[in-house]
Amino acid sequence: MVEMADIFRRYGSQYRAKYGDKIVPSHRQAMGAIVRCRTAALGGHVYTCESCGETQYQYHSCRNRHCPKCQNDKAQQWLEKQQNWLLPVPYFLLTVTLPSELRRVARSHQKQVYDLFFHISAEAIQQLARDPRFVGGQMGLVGVLHTWGRNLSYHPHIHFLIPGGGSATDGQTWLPARNNFLFPVKALSRIVRAKFRDALRQTPLFDLVPVSVWRQAWVVHCQPVGSGLPALKYLAPYIFRVAISNNRILALAAGKVTFRYRASDTGKLRTCTLPAEEFIRRFLQHVLPKGFVKVRYYGFLASGCRQRLASIRQQLDDLPAGKAPELDNGTNDESQTEEHPADDPAPNSSSRSPRTPPLGSSSPGRVRASITSPSPSTTPARPGSTPPP
């Protein structure tokens, strides 16, 4: 079986010679780690059977988060930890995609653009969450950055897993969202675009972006996912999975790499053959900067709000039978995808769903729960990089 390490061993030196100083340190480090992973270069352990005397030697892994041979067990560990903090409410999976016109700048300035992308997207979601037409309070968000398409294309987007409701400003009341509708995504798209434009204008990168990106629609998609566990299971592999696994690489011959992928439009398996240099380039564009945090927690899911989260869960668990927020199975999809450009950066009457209640009203069937007051140490924290324990 052909492995990523084989491709780097055979063509990595040519790639480094051609691009020289243009290769960022994190890319060089990933290439070196993958080549050395589970080889004598990293040493290993000797295991001997006391009964038969058979001896086996196992090499150490590189533990680089972009190595196809490593990180396999961490997805399950993360999933189990997050399941312990799921709330008994409907969940939504909201995805914000970076427009193609911004991707060249993002690829060259990953940390700066990705940090901004996270911050702006979460801030825009919380802005709509505070609107009493939708939730009226602070929401909890788990954001996961995903940068690749199935054919290794560069497609940065952030998945947010969001409990359907929020904490009121008094810190005492749980405000549920409706089961099948969270936000008008066209309004959210405009807010994200406007905030990103204003923030990027404060940096030298603004002049590198075509002005057309500020007039076009930004793709935002939101859908109900029921209890939230299906979305967690979807996200967990992407947190620790690399852009391509070794078992998808089919052949390395005549300077070209052939791999398989599943087409997103038809779901059918297809193959793609690329020159080895292009294959390496596509793989490396998904290597994140050293120390970059690709999973982030906001609102009452931030690391400084664990007691507050525990109080919310306790109060929701204590609701009388029949009063707990109904868990939708996720099949009645009232989700929306922003497809048309709009210039107004703020939500207005035209961006609301027909079922959106007017200001000051409540949606039918919404059940509020009283939350015990959090301690001073559990006030909203800045976006954290560590999950709840």
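In case you missed it, the structure is sitting above this.
Quick caveat, the model's predicted, so the values are computed rather than measured.

Calculation notes
- Residues numbered from 1 in each chain as written.
- Predicted model: local features only at pLDDT ≥ 70, side-chain atom pairs only at ≥ 80, totals over all residues.
- Heavy atoms only, no water.
- Phe/Tyr/Trp six-rings, centres within 6.5 Å; stacked < 30°, edge-to-face > 60°.
- Helix = DSSP H or I, 4+ residues; strand = E, 2+ residues; numbered from the N terminus.
- Buried < 20%, exposed > 50% of the residue type's maximum accessible area, 1.4 Å probe, protein only.
- Pairing = 2+ DSSP bridges.
- Axes fitted to C-alpha atoms, helices over the stretch in contact; angles between N-to-C directions.
- Salt bridge = Lys/Arg side-chain N within 4 Å of Asp/Glu carboxyl O.
- Expected span 1.5 Å × (residues − 1).
- Bend = angle between axes of the 7 residues up to and from the residue.
- Contact = heavy atoms within 4.5 Å.

## Some details on the packing of aromatic side chains
Counted according to the given criterion, the structure contains 13 aromatic pairs. Between Phe 8 and Phe 283 the ring centres are 6.0 Å apart and the planes differ by 70°, which places this aromatic pair in the edge-to-face class. Of this pair, Phe 8 sits in helix α1 (residues 4-19) while Phe 283 sits in helix α8 (residues 276-284), placing them 275 residues apart in sequence. For the pair Phe 8 and Phe 283, a shared accessibility class is recorded, and that class is buried. When the centroid spacing of 6.5 Å and the interplanar angle of 80° are considered together, the rings of Phe 117 and Phe 196 count as edge-to-face.

## Considering the sheet that holds strand β11 (residues 269-275)
Spatially, the three strands line up as an open sheet ordered β9-β10-β11, and their pairing is antiparallel. The sheet is open, and its two edges are formed by β9 (249-253) and β11, each paired on a single side. If you compare each strand with its neighbour and ignore which way they point, the axes differ by 20° on average. For β9 and strand β10 (residues 256-262), the ladder comprises four bridges, and the chain directions are antiparallel. Bridging from a neighbouring strand, Ala 251 pairs with Thr 258 of β10.

## Considering the pattern of salt bridges
Pairs can form between side chains of opposite charge whenever their charged atoms are close. Inspection of every chain in the model, using the stated rule, returns eleven salt bridges. Note that Arg 201 and Asp 198 form a salt bridge whose closest N and O atoms lie 3.4 Å from each other. Several salt bridges converge on common partners, so that one network encompasses Lys 111, Asp 115 and Arg 296.

## Re α1
At 3.6 residues per turn, the α-helix brings residues three or four places apart onto the same side. In this model, α1 (16 residues) spans only 19 Å end to end at C-alpha, well below the 22 Å of a helix rising 1.5 Å per residue. At Tyr 11, α1 shows its maximal bend, which comes to roughly 55°. Here α1 has its buried residues at Met 4, Ala 5, Ile 7, Phe 8, Tyr 11, Gly 12 and Tyr 15. Check the buried side of α1 and you find it contacts α2 (25-36), β9, β10 and α8. Phi turns positive one or two residues past the end of α1, at Gly 20, with a value near 45°.

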